[in-house]
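Descriptive structure summary
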Amino acid sequence: MQSTVSNRKIVIFISLFLFLFLSCAGILPARSSKAASSVKIRYNGKTYKNKSKKRTVKYNSKTVSKKSYKALIIKKSYMVPYSHVFKKGVNAKCSYSKKNKTLTISKNQVTITMKLGEKTATVNGKKVKLKTAPLSVRYVSQKKTMIFVPVSFVAENLHLSYKKSGSHIYIEDPLQISYDGQTAYYTGVQGTIYYNHKNYKLSSMPVIKLSGNMYMPAEETMDNILNLEYDYNASSGKITVTNEDLDIELVCYVNSTQALLNSKRVTLNAPVKIIKDVKKNKNVVCFPASQTLKQLNYIRSWNKKNEYYSIQSKSFFDWQKTLTGSQESDTDTNHIYAVNASYSEINGIGSINFKITGSLSEIMKTLTVKRSSNTITITIPKSKYLLNKHSFSNFGEIIEKYDATDNNDMVTITLTCSGVADYSYIVQNKMLELNVLYTYSNSSGSVTEYSLSIPKPANTTIANVSNQDLYASKKFQIIIQGNHVNFLKANPIVISNNSVKKVAVSLSGMNTVITVTTSSLRGYKIYERGNNFVVSMGAPKNIYRSIVVLDAGHGGFDPGAQHKKTDEKDLTHKIIYTLMKSYFSSNAPDIKVYWTRSSDVYVTLANRAAFAKSVGADAFISLHMNSASSSSANGTEVYYSVSNNGKGFGGITSKKMATLFKNRLINDLKTKNRGVKTAGYYVLKHNTVPAILIELGFLSGSSDYSKLTSASFQKKAAKSIYDGIVSMFSTYQTGR
């Protein structure tokens, strides 16, 4: 027993020796920084170890607190020595009476009087309550005593702006403004503008908040930042803002909420105001940001954390020219008569979508798209560029410039990017649709990753890639022209998404088919990126800007209307599926279509209606053919349900949707106009999104039957419905 005790003593001695040795050698870690940062202070007769987070005080960006005497939390309030921060730093007029223990601080026509130890103060003679009373605080180690005051109370009552951020407290001089016949110190948010991913500081007036509305300077924002045409008539108070690239004109008046958008009356949520910066003695016309920018077709939001007003273009330009008769009939030269550029951003992935339309589909299908470093070049042979505008450079950071040249019957369009951007394109009939993509860093600084990365075989581009969505079986296929099976075995596909269950590579004919099986319904987009084809994947609403369900009426054992051995189910399927699916086959579409049936099968009405919700659709369109006992009944009519007519995306209703498609079909197909009607059809009444049912014509009709069974009419009908979908999502935007 005695021997055991002796051994323990030896172990303890050795342990103490090692601890002292390692400590002296600096090998052991130092004490926690929290303990080392404590300050011993004394007030109200007691000594305390203050371990609160210390903050440096800055006034107009200049540090005014002393290094050894930063702001401390005392009794739940940040306190500072008044002599350092307010007397010397802020240049307030200060006086202290030792006899009465009374402190007076004056600035900006405000006088604050406080007494040590008391929670009642006066501001311009009016009594107010303090959360924490002023204190006489002694720093024990420094042997120094100072008068501490609650910094937020003093700053805010002197009309100074006050903000805590990180390890700092920021105090700024107030903005003194005059508006609506009153002059006031403004100490609220003073923001900047973040336009198309670039931050702009404002010189005339910051973004400020008045009566719950964010206001920004009209001329500086519209003219200098958004590059719009801005005109202000001081005598009449009339403001005219014009965007020639989108053919938009907004007219509004000072002190009024009434405005004209392309001559149509609209109402702003607050009046335009003239706000005077008193210090600069300058009047600034300011507009209510949200509604004004909405009328001008911008995505907008206030970023509270970073104090900037974010503005993003929905559409950059929409240039069009009407073809002359000779140009329409010209079979040798392709005339480029429409170019459109728009923007979408989902989950940190921004995309600029170009639509370039020519007069001859045969020539458009021969165009080439190539990338060299940060330049994407579109070459269209045997073509003329008819548009007056050839250049645009107000995109933001994805694309720096669009340039179009027309030389020797060759149109060349060059997109200069800020870096090597990913892209995807497809030629549909007479239109090239090209998506240029850029991945933005999120708030944490990380970059959105792609779900799949497919090594690119030699001599292939995105033009050699197509896709097929097998959403009914939770699969999709990526199809690459040529036999690349062995190449992909030697260069495996990289998977970075947990919802991918399986990836299989096989050969089908002369094509390599990559079949992706997922755990749930997934949306996807395919791009070319360097030496890879990459796939962005997620829930459909996180991938696509707009989603519509198309429903081919009847099917399977339900033939629908019948006439002269023609079944309604076959016509609806051919028009809305067979003839329309090519319109939505892009590798990176903005508009995604899901069909309730893609073959001759029967689908219950309940399942058709529920399908829209299951895929996260924004709209539902069902196609049918009519029938009547008399052959004199002919024409097109569109139905909606009054019990499903609430506002959907962009403010659309089922009735507005029905009217839009009725007008489009009548104009394109020249059928008899039977109007918009209401009905309690199951797929309309029990749907969760705006829904319509199109009765395209009467199978039994004396004039309609020959049209409905005509191949050319069916193609026109499919194109008309497609154009209606594009128009709907352009006019009523989902905001995604």
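Residues numbered from 1 in each chain as written. Predicted model: local features only at pLDDT ≥ 70, side-chain atom pairs only at ≥ 80, totals over all residues. Heavy atoms only, no water.

Let us look at the packing of aromatic side chains. Tallied over the entire structure, the rule returns 29 aromatic pairs. With a centroid separation of 6.3 Å and an interplanar angle of 75 degrees, the aromatic rings of Tyr 195 and Tyr 298 are classed as edge-to-face. Residue Tyr 195 is found in strand β18 (residues 192–195), and its partner Tyr 298 is found in strand β29 (residues 298–303); the two are separated by 103 residues along the sequence. Judged by relative accessible area, Tyr 195 falls into the buried class, the value being 3%. Given a relative accessible area of 4%, Tyr 298 falls into the buried group. Pairing Tyr 639 with Tyr 681 gives two aromatic rings, centres 5.3 Å apart and planes at 70 degrees, and the pair type is edge-to-face. Remark: Tyr 681 occurs in the loop between β57 (673–678) and α14 (682–685) and Tyr 639 occurs in strand β56 (residues 636–640); sequence separation between them is 42 residues. (Phe/Tyr/Trp six-rings, centres within 6.5 Å; stacked < 30°, edge-to-face > 60°. Helix = DSSP H or I, 4+ residues; strand = E, 2+ residues; numbered from the N terminus. Buried < 20%, exposed > 50% of the residue type's maximum accessible area, 1.4 Å probe, protein only.)

Counting residues in each nonpolar core, the largest one holds 114 residues, and the members touching the most others are Phe 354, Tyr 402, Leu 696 and Ile 725. By size, the runner-up hydrophobic cluster in this structure holds 32 residues, among which are Ala 71, Ala 121, Leu 130 and Ile 147. (Core = buried A, V, L, I, M, F, W, Y, C linked by side-chain atoms within 4.5 Å.)

Turning next to unusual backbone geometry. One non-glycine residue, Ser 211, lies in positive phi territory at about 50 degrees. Notably, Asn 255 is not glycine yet its phi reads approximately 65 degrees, a positive angle. Owing to a relative accessible area of 57%, Asn 255 belongs among the exposed residues under this scheme.

This part is about the confidence of the model for the chain. Looking at the chain as a whole, its pLDDT mean stands at 90, while 93% of the residues score no less than 70. Note that pLDDT drops below 50 for residues 1–6; the model gives that stretch zero contacts with residues more than four away or on any other chain. (pLDDT = per-residue confidence, 0-100. Contact = heavy atoms within 4.5 Å.)

Here we take up the layout of surface pockets. By volume, the second largest pocket amounts to about 1000 Å³. Secondary-structure elements contributing two or more residues to the lining of the second largest pocket are β14 (161–165), β15 (168–172) and β16 (175–179). The greatest single-element share of the lining of the second largest pocket, amounting to four residues, is contributed by β14. (1 Å grid on protein atoms, 1.4 Å probe; cavity = no way out; pocket = protein on both sides within 12 Å on 5 of 7 lines; lining within 4 Å. Points joined across faces, edges and corners; volume = space filled by probe spheres on them.)

With that settled, consider the sheet that holds strand β45 (residues 475–481). Strand order in the open sheet formed by four strands is β44-β45-β48-β47, with antiparallel pairing between adjacent strands. The sheet terminates laterally at β44 (465–470) and β47 (500–508), the two strands that pair on one side only. Averaged over all pairs of adjacent strands, the angle between their axes in this sheet comes to 20 degrees, without regard to strand direction. Summarising the sheet, β45 and strand β48 (residues 511–518) pair through seven bridges and their orientation is antiparallel. For Gln 481, the partnering residue across the bridge sits in β48 and is Asn 511. (Pairing = 2+ DSSP bridges. Axes fitted to C-alpha atoms, helices over the stretch in contact; angles between N-to-C directions.)

Structurally, the α-helix is built with 3.6 residues per turn, so residues lying three or four positions apart point the same way. Within helix α12 (residues 605–614), the full set of buried residues consists of Arg 608, Ala 609, Phe 611 and Ala 612. With its buried residues spanning 145 degrees around the axis, α12 presents them on a single face. Away from its buried face by more than 90 degrees, α12 exposes Lys 613 and Ser 614. Buried-residue contacts for α12 involve β51 (546–552), β54 (591–595), β55 (619–626) and α14. Looking at the residues trailing α12, positive phi occurs at Gly 616, about 70 degrees. (Arc of directions from axis to C-beta.)

Before going further, it helps to examine the sheet that holds strand β4 (residues 62–63). With mixed pairing, the four strands of this open sheet are ordered in space as β4-β3-β15-β14. Across the chains shown, the open sheet's two edge strands, defined by having one partner strand only, are β4 and β14. Both β14 and β15 contribute to a ladder of five bridges, which runs antiparallel. Across the sheet, residue Ser 161 finds its bridge partner in β15, namely Glu 172.

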